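Report on the structure
Chain residues, written in single-letter form:
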Amino acid sequence: MLMMKERRAAIRTLQGWAISVLQEAGAIRECEEHAWMVDRGDPDARERALAVARRDPSADVSPEKAVTAIDDVLGSIGDTCPECAPGG
Ligand SMILES: [Zn+2]
């Protein structure tokens, strides 16, 4: 589907990269209905994502910057989908 291609293109940005690492580690998931990213609250998965950032940072960034990007994304993602949340 076209939408998938567009999402992959977003990985070019550092934030997009951080989201993809977090998703692969299982630290966040995407709401199937609304496409919001949701924090799964799994500390082991977060740790796995941070380990990837340190070991294999996105192109052109330092491990420190990659870790900061992961932290920033986690900080900006809620633990429920805003549109699935009751009353939301
Ligand atoms: Zn939702």
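Residues numbered from 1 in each chain as written. Predicted model: local features only at pLDDT ≥ 70, side-chain atom pairs only at ≥ 80, totals over all residues. Heavy atoms only, no water.

Moving on, we come to the coordination of the zinc ion. Within the protein, C31 (SG), H34 (ND1), C81 (SG) and C84 (SG) serve as the donor atoms for the zinc ion, at 1.9 to 2.3 Å. The coordination sphere of the zinc ion comprises four donor atoms, whose angles at the metal cover 105 to 114°; the geometry is tetrahedral. Going along the chain, you hit the donors of the zinc ion in the pattern C-x2-H-x46-C-x2-C. Classification of C81 as buried rests on a relative accessible area of 4%. Given the relative accessible area of 46%, C84 is considered partly exposed. (Donors = N, O, S within 2.8 Å, 3.2 Å for Na, K, Ca; no water. Tetrahedral: all angles 85-135°; square planar, octahedral: opposite > 155°, others 65-115°. Buried < 20%, exposed > 50% of the residue type's maximum accessible area, 1.4 Å probe, protein only.)

Its place among the elements puts G75 in helix α4 (residues 63-76). Residue G75 is classed as exposed on the basis of its relative accessible area of 67%. Through-space distance from the C-alpha of G75 to that of D39 is 9.3 Å; in sequence the pair is 36 residues apart. (Helix = DSSP H or I, 4+ residues; strand = E, 2+ residues; numbered from the N terminus.)

Attention now moves to helix α3 (residues 43-55). In this model α3 runs 18 Å from its N-terminal to its C-terminal C-alpha over 13 residues, within 8% of the 18 Å that 1.5 Å per residue would give. Buried residues of α3: A45, A49, L50 and A53, and no others. Down the axis of α3, the buried side of the element spans an arc of 140°, and every buried residue falls inside it. Looking at α3, the residues exposed on the side facing more than 90 degrees away from the buried face are P43, D44 and R55. Contact partners of the buried residues in α3: α2 (14-25) and α4. Its side-chain oxygen at 3.0 Å from the backbone nitrogen of D44, D42 defines the N-terminal cap of α3. (Expected span 1.5 Å × (residues − 1). Arc of directions from axis to C-beta. Contact = heavy atoms within 4.5 Å. Polar contact = N/O pair within 3.5 Å; in protein donor to acceptor, adjacent residues only side chain to side chain.)

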